[in-house]
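Chain by chain, the residues:
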Amino acid sequence: MKNFKYELVHEDAKTKARLGKLNIFGKVVETPIFMPVGTLATVKFLSPEDLKKIHAGIVLSNTYHLWLRPGEKIVKQAGGLHKFMNYDGPILTDSGGFQVFSLADTRKINEEGVTFKSHLDGSTLHLTPEKSIQIQMDLHSDIAMSFDECIPYPSDYEYTKRSTERTIRWAKRGLAVHNIDDQALFGIVQGGEYTDLREACAKELAALDFDGYSIGGTSVGEDKPTMYKMIEDAIRYLPQDKPRYLMGVGAINDLLNGIERGVDMFDCVLPTRIARHGTLMTSKGRINIKKAMYADDFTPVDPECDCECCQNYTKAYINHLFRTKEGLGMRLMSIHNLRFLIRLMEEARQAIREDRFKEFKEEILASYPFDERGF
RNA sequence: GGAGAGGUAGCGAAGUGGCUAAACGCGGCUGACUGUAAAUCAGCUCCCUACGGGUUCGGCAGUUCGAAUCUGCCCCUCUCCA
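Computed from a prediction, not measured in an experiment: that's the story for all the values here. (Residues numbered from 1 in each chain as written. Chains lettered and ligands numbered in written order. Predicted model: local features only at pLDDT ≥ 70, side-chain atom pairs only at ≥ 80, totals over all residues. Heavy atoms only, no water.)

### A closer look at the overall build of chain A
Basically, it comes down to this: The helix and strand labels rest on DSSP assignments: H or I over at least four residues marks a helix, E over at least two residues marks a strand, and numbering proceeds from the N terminus. Taken over C-alpha atoms, the radius of gyration is set against a globule rule of 2.2 Å times the number of residues to the power 0.38. Residue burial is assigned from relative accessible area. The probe radius is 1.4 Å, only protein chains are included, and a residue is buried under 20% of its type maximum, exposed over 50%, and partly exposed in between. Each accessible area is a Shrake-Rupley result for a 1.4 Å probe, and residues are judged covered by the shown protein chains and nothing else. We score Asp and Glu as negative and Lys and Arg as positive, and we do not count His or the chain ends. A single reference atom marks each charge: NZ on Lys, CZ on Arg, CG on Asp, CD on Glu.
Along chain A, the regular secondary structure elements total 15 helices and 16 strands. Relative to the compact-globule value of 21 Å for 375 residues, chain A shows a C-alpha radius of gyration of 20 Å, a close match. For chain A, the spread of C-alpha atoms along the three principal axes comes to 60 × 50 × 40 Å. Put simply, chain A has 375 residues, and 59% of those count as buried. When the accessible area of chain A is evaluated, it comes to approximately 15,100 Å², of which 52% is carbon and sulfur surface. Positive and negative side-chain charges of chain A, numbering 50 and 54 respectively, have mean locations separated by a distance of 3 Å.

Written out as C-alpha cells, the structure is:
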C-alpha cells in the first residue's frame, strides 16, 4: 500500500477551487501548490536551503536532462535524487514528454517511443515509456510522470487524436513496468484543444491506477480562453480523490484560473527564467529591473514581500547586480519571483478555506496591472 | 632633440579611392520568455519635421566625376633612443 494520498480538505463554496493535503510518503504539502522547476537537479542559482526558506514544497526535475547528464545510474549510485542534490523535500520528475515538444526539431516519434538527437552532441537517443519510467525509478523521485507527447498548438483533430491515443497506450506501458511503492506515478491528460479528446483521455486514464493526474499540452501557444477550456475539459472526468497537476503553467492569472477550475499543482520555469532575464513579479505589477530608472531607486523590489531579496536589498542594488552579471543578482531575483508565486498560493489556500476564492481572484486580477500574458 | 607608430560613431576596433552612415565587439535603450538546448534571444543605438533628408571618420587646404581611404601643411597621442 502506497503512502501517497490526496485529502480534499475543503472545497470553495462558489468555485471548483479546492484546498487539499497531499501526503507524499510522509511529507505533507498543502494544495494548491506551485512547484519550482529544477531541471538539472537544481533550481538554477538556489540552494536547497534557499528552497526551504521560500517554503517551496515540491521541486521538479527532469528525466531527459538527467538521463543525459549525469546519467540516472550516477544518481542511483548517489542514493537517489534527494541525496544527490541534498534536498529532502518532495521531488517530482517530468518524464521527458515536454522535450518531445521543445526539442521537436531534433526528434522523431513512433509507436515505440521517441528518437532524439542529443542537444548536447547530436548522438541518437531512444526514449520509450518503459525507459522513462525506469530512469525515474532510478532517480527515485517521489512523483513520476508517464511518458507522453506534449502536442504542439495548433494541431489538427486527426493528429491530436492519434497522438493522444498513443500517449494513453504509453501511459499503460509505463504503469505496467512501474514497480516501486515509494514513488507515485501520474497519468497525463492530452487531447489538445478538442473537448471530446480531452474528456475521453481523462476518462480512460482515470480508470487506470494512477496516483494522480496531470493536464499536459497547455501553455504551448494557445490563447487563454482555449487553455482554460482545455483545463475544464480535462478535469471534468478526473476523480475527486486524486491530485490534479497542470503542467508548465505559472503566469499569475493562469494560476488563479487553474485553481478556480480545480487544479491542485502547478510548475513553471517562468518565475525563475524571467528573473534571470531581469523581470520581477511584484504586487504592483511586473518590473524590469535592468531599466535605467531603477539605478538609483533605493526601495525594495516589492515592499509587501517577505523574501530575502525584498527584506534586505534595494532595486538599485539588484539593478547593479544585474548589469554586472553577478550571480547574487540571479539568485535574489529567482528567490523573489518564486516566493511571490508561493505566497500567492498561500493566500489562495487561505481564500479557499474562507470560501472567498472568487473574490480573491477578482481582487488580484483587478489590482495587478496584467497584460494579456498574465504576469 | 632624433627615430618610429597612430588619431574612425559613448568606448575598443575593422575599413586604405566608388558596393560605407561606416563591419564587429563592448556599453546603452527597448521587447520577448509558461512540464528550462534560455545568466538566453530579438530589435534599436550620428542628427532631423524621418518609406525621405542632413552632417560625419583629428583640423585646414588640395587631387578626383567621386575621399575615412591619395597629397600638403598644422594639431594631438604613444613607444624607443638621446
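### Quick look at the packing of aromatic side chains
The condition is simple: Side-chain rings of Phe, Tyr and Trp (the six-membered ring for Trp) are treated as a pair once their centres are within 6.5 Å; stacked means planes under 30 degrees apart, edge-to-face means over 60, and tilted covers the remaining angles. As a reminder, the over-ring test applies to NZ of lysine and CZ of arginine, requiring each to be within 6 Å of the ring centre and within 35 degrees of the ring normal.
Scanning the model with the defined rule gives 11 aromatic pairs in all. On the numbers, 6.1 Å between centres and 75° between planes, the contact of F4 with F186 is edge-to-face. You can see F4 sitting in strand β1 (residues 4-11) and its partner F186 sitting in strand β11 (residues 184-189), a full 182 residues away along the chain. F186 shares its class with F4; the two are buried. Where F340 meets Y368, the ring centres are 6.3 Å apart and the plane angle is 50°; that geometry is what we call tilted. Taken as a pair, F340 in helix α14 (residues 327-353) and Y368 in the segment after α15 (357-367) lie far apart in primary sequence, 28 residues in all. You can call F340 buried: its relative accessible area is 8%. The exposure class of Y368 is buried, given its relative accessible area of 5%. Aromatic ring contacts, followed pair by pair, group F4, F25 and F186 into a single cluster. For the cation-ring pair, K203 lies above Y237, with the distance from its terminal atom to the ring centre recorded as 4.4 Å. The ring centre of F375 lies 5.2 Å from the NZ or CZ of R286, which sits over that ring.

### A look at the protein's contact with RNA strand B
To keep things clear, this is the line we draw: Any residue with at least one heavy atom within 4 Å of a molecule or strand is counted as near it. We define a polar contact as two N or O atoms separated by no more than 3.5 Å, with the added condition that, inside protein, one atom must be a possible hydrogen donor and the other a possible acceptor, whereas residues neighbouring each other in sequence contribute only through side-chain atom pairs. For this scheme, ten residues count as nonpolar: Ala, Val, Leu, Ile, Met, Phe, Trp, Tyr, Cys and Pro. Four count as charged, namely Asp, Glu, Lys and Arg, and the remainder, Gly too, count as polar.
Not every one of the 45 residues close to RNA strand B is listed here, only the nearest: C150, S219, K224, G248 and V269. Each atom of RNA strand B within 4 Å of the protein was assigned to sugar, phosphate or base; sugar and phosphate come to 52%. V269 has a polar backbone atom sitting 2.8 Å from a phosphate oxygen of RNA strand B. In this structure, a phosphate oxygen belonging to RNA strand B sits 3.3 Å away from a side-chain N or O atom of K291. When contributions to the surface near RNA strand B are tallied by element, the ones reaching two or more residues are β5 (59-62), α5 (97-102), β14 (265-268) and α11 (270-276). Considering every element that reaches the surface near RNA strand B, the biggest residue donor is α11, with 5 residues. Residue composition of the surface near RNA strand B, by class: 17 nonpolar, 15 polar and 13 charged.

### As for unusual backbone geometry
Most of the time, phi is negative for any residue but glycine, and the peptide bond is trans. With omega at 5°, the peptide bond leading from R69 into P70 counts as cis. Tracing the sequence through the fold places P70 in the loop between α2 (63-68) and α3 (72-78). For K325, which is not glycine, the phi torsion reads 55° and is therefore positive. Tracing the chain through its elements places K325 in the loop between α13 (315-323) and α14. K325 gets classed as exposed once you look at its relative accessible area, which sits at 69%.

### What about the side chain of S146?
Here is the rule we go by: Between two residues, a contact is recorded if the distance between any of their heavy atoms is within 4.5 Å.
Relative to the elements of secondary structure, S146 occurs in the loop between β10 (143-145) and α7 (157-177). Looking at S146, the relative accessible area reads 2%, which means it is buried. Side-chain polar atoms of S146 contact the backbone oxygen of F186, separated by 2.8 Å. For S146, the residues in contact, after removing those within four places along its chain, are S95, I133, A171, L185, F186, G187, I188 and F210.

### Examining the pairing of β1
Heads up, the condition is: Should DSSP find at least two bridges between two strands, the strands are taken to pair.
Sheet topology note: the β1/strand β2 (residues 18-24) ladder contains 7 bridges and is antiparallel. The residue of β2 that forms the bridge with E7 is K21. With antiparallel pairing between neighbouring strands as the criterion, β1 and β2 make up a hairpin whose turn holds 6 residues.

So far we have only geometry, and geometry alone does not tell us how the molecule works.
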